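Overview (structure and organization)
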Amino acid sequence: MPSEFNSYGARRGNHEVMMRGTFANIRIKNELMGGAEGGNTIHIPTGETMSIYDAAMRYQKDHVPLIVVAGKEYGTGSSRDWAAKGTKLLGVRAVIAESFERIHRSNLVGMGVLPLEFQSGMTRADLKLTGKETFDVTGAAAGIAPRMKIVLTINREDGKSDTVTVLCRIDTLDEVEYYKNGGILPYVLRDLIKRSA
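Residue indices begin from 1 for each chain and proceed along its sequence in written order. Under the rules for a predicted model, residues below a pLDDT of 70 receive no local features and side-chain atom pairs below 80 are neither given nor counted, while totals for whole chains, interfaces and linings still include all residues. In computing side-chain values, all of the structure's heavy atoms are included and hydrogens and water are not.

**Focus on the sheet that holds strand E5 (residues 66–69)**
Within the open sheet, the six strands sit side by side as E5-E6-E7-E10-E9-E8. Their pairing is mixed. Of all the strands in the sheet, the pair left with one neighbour each is E5 and strand E8 (134–138). Ignoring which end each strand starts from, the neighbouring axes of this sheet average 30° apart. Summarising the sheet, strand E6 (residues 92–97) and strand E7 (residues 114–117) pair through four bridges and their orientation is parallel. Bridged to Ile96 within E7 is Leu116. DSSP calls a pair of strands paired once it identifies at least 2 bridges connecting them. Counting from the N terminus, the helices are DSSP H or I runs at least four residues long and the strands are E runs at least two residues long. Lines fitted to the C-alpha atoms define the axes, with helices restricted to the stretch that makes contact. Angles between their N-to-C directions range from 0 to 180 degrees.

Shown next, in the form of structure tokens:
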């Protein structure tokens, strides 16, 4: 019944509900949709407009890893724990932003999501994205190091590609270990198993 509906915050223990709320803010602006506000997007293979959650589930079914390309202070005003957790559960592997809110950046690493930052005043607008690009993140095959440079290759629809260097915002050696283990929870569990063996 509608009278029993409540806020996402009241459902924090239900990941199925909280995943739907991760990008459902009515003020979020999706540049794939001309800057329209709300939690919708375009499913690129079909061109259908749908909720970000529904699109993410389709991409997961098709084994397509996702990235978020964002502006300044990405993560500001987000629910601390669920903003990064929901991002991970939706299948996002990396966030490329102009800058990060301090705690959210750390939470992304703790969930095993790679935070990357544009360099030298570059913004997302400089990339001239249409949403039909694919991306390759290279330069970390030998291992992640704190604040290392990583190459982002943008493969465009016409077959051309561009590369930009971005800063890996895994800032400490501890965060390197968290990320290598898929996040802080798998890191702690593996450490506990190792100690008990």
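After presenting the structure, the write-up continues.
**Some points on the nonpolar core**
Counting residues in each nonpolar core, the largest one holds 20 residues, and the members touching the most others are Val68, Tyr74, Val95 and Leu108. Counting only elements with at least two residues in this core, the list comes to helix H2 (52–61), E5 and E6. A per-element tally of this core places H2 first, with five residues. Every residue pair with non-hydrogen atoms within 4.5 Å of one another is taken to be in contact. In this view, Leu108 contacts Tyr74, Ala84, Thr87, Val95, Phe100, Val113 and Pro115; residues no more than four positions away in its chain are not counted. For this analysis, a nonpolar core means a set of buried residues of the types Ala, Val, Leu, Ile, Met, Phe, Trp, Tyr and Cys, connected via side-chain atoms within 4.5 Å. Throughout, exposure labels follow a simple rule: accessible area from a 1.4 Å probe, protein chains only, divided by the maximum for the residue type, with under 20% read as buried, over 50% as exposed, and the rest as partly exposed. Counting 17 residues, the second-largest nonpolar core is a separate cluster that includes Ile96, Val109, Leu114 and Met148.

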